[in-house]
Amino acid sequence: SRQNEEAKGVSKQHLLGPPYPSVSSLLNPEKNANSHPVSKVFTDILRAFPDISSLPEQVAVLYMMFILMRWQIYPTKENYDRLPEWMRPLPCQLLTPHPAWIDYLAFPLMREKLVVTYRDLVFENWFIPFTRTLSVNWPYEATDCLLSTGESDDLMINPVFERHFRNLDNWTLGPAFAEGFPGLADTVRIKYN
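Computed from a predicted model, the values in this text were never measured in an experiment.

Moving on to the overall build of the protein. Summing up its helical and strand segments, the protein has 12 helices and 2 strands in all. Written out in order from the N terminus, the α and β elements of the protein read α-α-α-α-α-α-α-α-α-α-β-β-α-α. For the protein, the proportion of contacts with a sequence separation of at least 24, taken over those separated by at least 6, is 54%. Accessible surface, the protein as shown: approximately 10300 Å² in total, 55% of it carbon and sulfur.

Aromatic ring pairs are described here by two measures, namely the spacing of the ring centres and the angle between the planes. Per the stated rule, a full pass over the model turns up 15 aromatic pairs. An aromatic cluster of at least three residues, connected via ring pairs, comprises Trp101, Phe107, Phe123, Trp126, Phe127, Phe130, Phe177 and Phe181.

Our focus in this paragraph is helix H9 (residues 108-117). Among all positions in H9, only Pro108, Met110, Arg111, Leu114 and Val115 are buried. Summarising the axial view, the buried residues of H9 lie within an arc of 150°, below the 170-degree limit, and thus occupy one face. Against the buried residues of H9 lie helix H8 (91-95), helix H10 (123-133) and helix H12 (175-180).

Our focus in this paragraph is the nonpolar core. If you look at the biggest cluster of nonpolar residues, it comprises 47 residues, and the most contacted ones within it are Met110, Trp126 and Trp171. Looking at this core, the elements that each hand over two or more residues are helix H6 (55-73), H9, H10, helix H11 (159-165) and H12. Other than its neighbours up to four places away in sequence, Met110 contacts Leu105, Trp126, Phe130, Leu173, Phe177, Leu184, Thr187 and Val188.

Turning our eyes to something else, we now look at H6. Between its terminal C-alpha atoms H6 stretches 27 Å, which fits the 27 Å expected from 19 residues at 1.5 Å a residue. Across the 19 residues of H6, 17 count as buried, placing the element largely inside the fold.

Another aspect to go through is the environment of Trp101. Topologically, Trp101 is positioned in the loop between H8 and H9. Note: C-alpha distance between Trp101 and Met65 (36 residues apart in sequence) is 9.9 Å. Discounting residues that sit within four places of it in the chain, Trp101 has contacts with Leu114, Phe123 and Trp126.

All right, on to the side chain of Glu57 then. Within the secondary structure layout, Glu57 lies in helix H6. Buried charge without a salt bridge: Glu57, with Lys191 as the nearest opposite-charge side chain at an N-O distance of 8.3 Å. Of note is the side chain of Glu57, whose polar atom sits 3.5 Å from the side chain of Ser135. Setting aside residues up to four positions removed in sequence, Glu57 forms contacts with Ile52, Leu134, Ser135, Val136 and Asn137.

Another aspect to go through is the pattern of salt bridges. For the coordinates displayed, the defined rule picks out 2 salt bridges. A salt bridge links Asp81 to Lys77; its shortest N-O distance comes to 2.7 Å. In this pair, Asp81 and Lys77 both sit in helix H7 (residues 77-82), 4 residues apart, roughly one turn of the helix. By relative accessible area, Asp81 is classed as partly exposed at 40%.

A few words now on the side chain of Asn79. For Asn79, the location among the structural elements is in helix H7. Residue Asn79 is classed as buried on the basis of its relative accessible area, which comes to 4%. A polar contact of 2.9 Å, which involves the side chain of Asn79, links it to the backbone oxygen of Tyr74.

Quick notes on the rules
- Numbering of residues starts from 1 in every chain and runs along the sequence as written.
- Reporting of local features is limited, given that this is a predicted model, to residues whose pLDDT is at least 70; pairs of side-chain atoms are given and counted only at 80 or more, and all residues count toward the totals for whole chains, interfaces and linings.
- Based on all heavy atoms of the structure, the side-chain values leave hydrogens and waters out of the count.
- Elements are defined by DSSP. Helices are runs of H or I of four residues or more, strands are runs of E of two residues or more, and each kind is numbered from the N terminus.
- In this analysis, two residues are considered to be in contact whenever any of their non-hydrogen atoms come within 4.5 Å of each other.
- Accessible surface area values rest on a Shrake-Rupley calculation with a 1.4 Å probe, where residue burial reflects the displayed protein chains alone.
- Paired rings are identified among Phe, Tyr and Trp, the last through its six-membered ring, by centres lying within 6.5 Å, and are further divided according to the angle between planes into stacked (under 30 degrees), edge-to-face (over 60) and tilted (the rest).
- Here the term buried applies to any residue with accessible area under 20% of the maximum for its type, exposed to any over 50%, and partly exposed to those in between, with areas from a 1.4 Å probe on protein chains only.
- The arc in question is the one traced by the directions running from the helix axis out to the C-beta atoms.
- Residues belong to one nonpolar core when they are buried, are Ala, Val, Leu, Ile, Met, Phe, Trp, Tyr or Cys, and are joined through side-chain atoms within 4.5 Å.
- Working rule for helices: expected span equals 1.5 Å times residues minus one.
- By the counting rule applied here, Lys and Arg register as positive and Asp and Glu as negative, while His and the ends of each chain are not counted.
- Each reported salt bridge corresponds to a side-chain nitrogen of Lys or Arg within 4 Å of a carboxyl oxygen of Asp or Glu.
- Any pair of N or O atoms that falls within 3.5 Å is considered a polar contact. Within protein, one atom must be able to donate a hydrogen and the other to accept it, and sequence-neighbouring residues count only if both atoms are side-chain atoms.

In short, the description is geometric, and any link to function would need to be established separately.
Given below as structure tokens:
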């Protein structure tokens, strides 16, 4: 729908909204109503997956989905360059029809495998061990992933945290995922404590 609006001449700012998602709406659902629609859709999605319960993981997933969607809506070099290399679509994602949710997974080897094999798994069984064990391994207090802007009660992503989660080496899944989906265990880092 956003691409259709762009074709009708709607401004880039209206289509894409701010360069960062509204992290305040993660903590305060009432603020979600005032969020830009691109940000709002992903905070709504995160609420549908309550197993991603830790603030650092919520913020990192929100940010990655948000910047990928910005590129999908407005595929400019600038928006593409904002994506970490590992979040950029693989050739198989561009050439092979597959469910859209696969594109939002942080792990490129998993995306590559799932584009071909997604029919072999039941999403409802897959997402629980995925979301329950997903970690960005933030070594500080969870609330340290955000900073106050000082101007209001708005929050922003701590630049140190952004640098941390933009490194794929910091993303892991747990043993429950590896046990449930051994055929995908080699596509991610499994953290065994």
